[in-house]
Amino acid sequence: MKRSRVVLDMVWIGVYAALFIALDYVSNQVPFFRMPNGGTVGFSTIVLLLASYHLGWRKGLVVSLLTIPLQGFFAPFYFVNLFGFFLEYIVAFGIYGLASIFPNINYKVEIMSGIIVVNVIRFFIHLVAGVYFWEITWWGSFVYNFGYMFMTLIVGLIFTPLIYKRIKIIANH
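No experiment lies behind these values; they were computed from the predicted model shown.

Enquirer: Would you explain the packing of aromatic side chains in this entry?
Expert: Between two aromatic rings, the relevant description is the distance of the centres plus the angle of the planes. Going through the model one piece at a time under the given rule, you end up with 16 aromatic pairs. Here F93 and Y96 contribute two aromatic rings whose centre-to-centre distance is 6.4 Å and whose plane-to-plane angle is 35°, an arrangement assigned as tilted. Its relative accessible area of 0% is what places Y96 among the buried residues. Between R122 and the ring centre of F93, over which it is positioned, the NZ or CZ distance is 4.4 Å.

Here you go:
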């Protein structure tokens, strides 16, 4: 029984990684969603959030880290040095795997607070990287990163709970 659960988890990890790459590819092909020096409206991050909530933070982290090298197949990496790559890719995308550790907020409707927390953390990572690696002013980095990160947050808050309800139904059958 345990062996079949491991195989099922591996299948889910593969499905989430494939969905991430498909959505990331589409996001990078639509100029409206893409910033000129890196950064897109992150429809693909919905998949990382779903992996965290569905599989738990450990496997969600595996999915998040697994997708980082795959991103390079469809869009260039934008980084100044190795530490910048670590911060802006490994930490910034890896954080999505941890979304499920933050408790949901119930206020008239359930809010998955992890979506808000990880997107805010990612925004601050890119904000600081813009200043220290790309040598942009704080205000310039804020404006540049806020545009696509705010939309990524909104997309995540809308679509992740809707899709997650369906996944729970499918996963229980």
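Enquirer: Even after reading the chapter, I still don't get the packing of helix α5 (residues 113-132) against helix α6 (residues 138-171), so can you show me in this structure?
Expert: Helix packing geometry: the angle between the two helix axes and the distance between the axes. Contact geometry for α5 and α6: axes closest at 9 Å, N-to-C directions at 160°. Here α5 is positioned roughly antiparallel relative to α6, judged by the angle of their axes. Considering how the two elements wind past one another, α5 and α6 form a crossing that is right-handed. Its residues assigned to classes, the contact of α5 with α6 comprises 15 nonpolar, eight polar and one charged.

Enquirer: Sorry if this is basic, but what is going on with helix α2 (residues 45-55) here?
Expert: In an α-helix, one full turn covers 3.6 residues, which means residues spaced three or four apart are oriented alike. α2 sits mainly inside the fold: 11 of its 11 residues count as buried. Buried residues of α2: T45, I46, V47, L48, L49, L50, A51, S52, Y53, H54 and L55, and no others. Looking at the buried residues of α2, the elements they touch are α1 (2-29), α3 (57-71), α4 (82-94), α5 and α6. Taken from the residues just after α2, G56 is the one with a positive phi, measuring 95°.

Enquirer: I keep staring at the nonpolar core and nothing clicks. Help me out?
Expert: Within soluble globular proteins, side chains that are nonpolar tend to cluster in buried spots. Counting 33 residues, the largest nonpolar core has Y16, V63 and Y96 as its most contacted members. Residue assignment for this core shows that the elements contributing at least two residues are α1, α2, α3, α4, α5 and α6. Sort the elements by how many residues they give to this core and α2 lands first, with eight residues.

Enquirer: What am I meant to see in unusual backbone geometry here?
Expert: For residues that are not glycine, phi is negative in most cases, and the peptide bond is trans in most cases. Its identity as a non-glycine residue notwithstanding, E135 has a phi of 55°, on the positive side. Here E135 lies in the loop between α5 and α6.

Enquirer: Before we go on, may I ask you to explain the side chain of T45 in this structure?
Expert: With respect to the element layout, T45 can be found in helix α2. Residue class for T45 comes out buried when judged on its relative accessible area of 1%. Excluding residues that lie within four positions of it along the chain, T45 makes contacts with F20, F93, Y96, R122 and T152.

Enquirer: Would you mind going over the environment of I154 with me for this structure?
Expert: Assignment of secondary structure puts I154 in helix α6. As for I154 and L87, which are separated by 67 residues in sequence, their C-alpha atoms are 23 Å apart.

Enquirer: Whenever I open this one, the pattern of salt bridges confuses me. Can you help?
Expert: Oppositely charged side chains are able to pair whenever their charged atoms sit close together. Using the criterion set out here, one finds two salt bridges in the structure. In this structure, R5 and D9 form a salt bridge, with 3.0 Å as the shortest nitrogen-oxygen distance. Highlighted residues: R5 and D9, both in helix α1, separated by four residues, approximately one helical turn. D9 is paired through a salt bridge with K59; the nearest N and O atoms lie 2.9 Å apart. Placement of the pair is D9 in helix α1 and K59 in helix α3, with a sequence separation of 50 residues. With relative accessibility at 6%, the residue D9 sits in the buried group. Here the residues in one salt-bridge network are R5, D9 and K59, joined through shared partners.

Cut-off values and rules
- Residues numbered from 1 in each chain as written.
- Predicted model: local features only at pLDDT ≥ 70, side-chain atom pairs only at ≥ 80, totals over all residues.
- Heavy atoms only, no water.
- Phe/Tyr/Trp six-rings, centres within 6.5 Å; stacked < 30°, edge-to-face > 60°.
- Buried < 20%, exposed > 50% of the residue type's maximum accessible area, 1.4 Å probe, protein only.
- Lys NZ or Arg CZ within 6 Å of the ring centre and 35° of its normal.
- Axes fitted to C-alpha atoms, helices over the stretch in contact; angles between N-to-C directions.
- Helix = DSSP H or I, 4+ residues; strand = E, 2+ residues; numbered from the N terminus.
- Parallel < 35°, antiparallel > 145°, perpendicular 65-115°, else oblique.
- Left-handed = near helix turned anticlockwise from the far one by under 90°.
- Nonpolar A, V, L, I, M, F, W, Y, C, P; charged D, E, K, R; others polar.
- Contact = heavy atoms within 4.5 Å.
- Core = buried A, V, L, I, M, F, W, Y, C linked by side-chain atoms within 4.5 Å.
- Salt bridge = Lys/Arg side-chain N within 4 Å of Asp/Glu carboxyl O.

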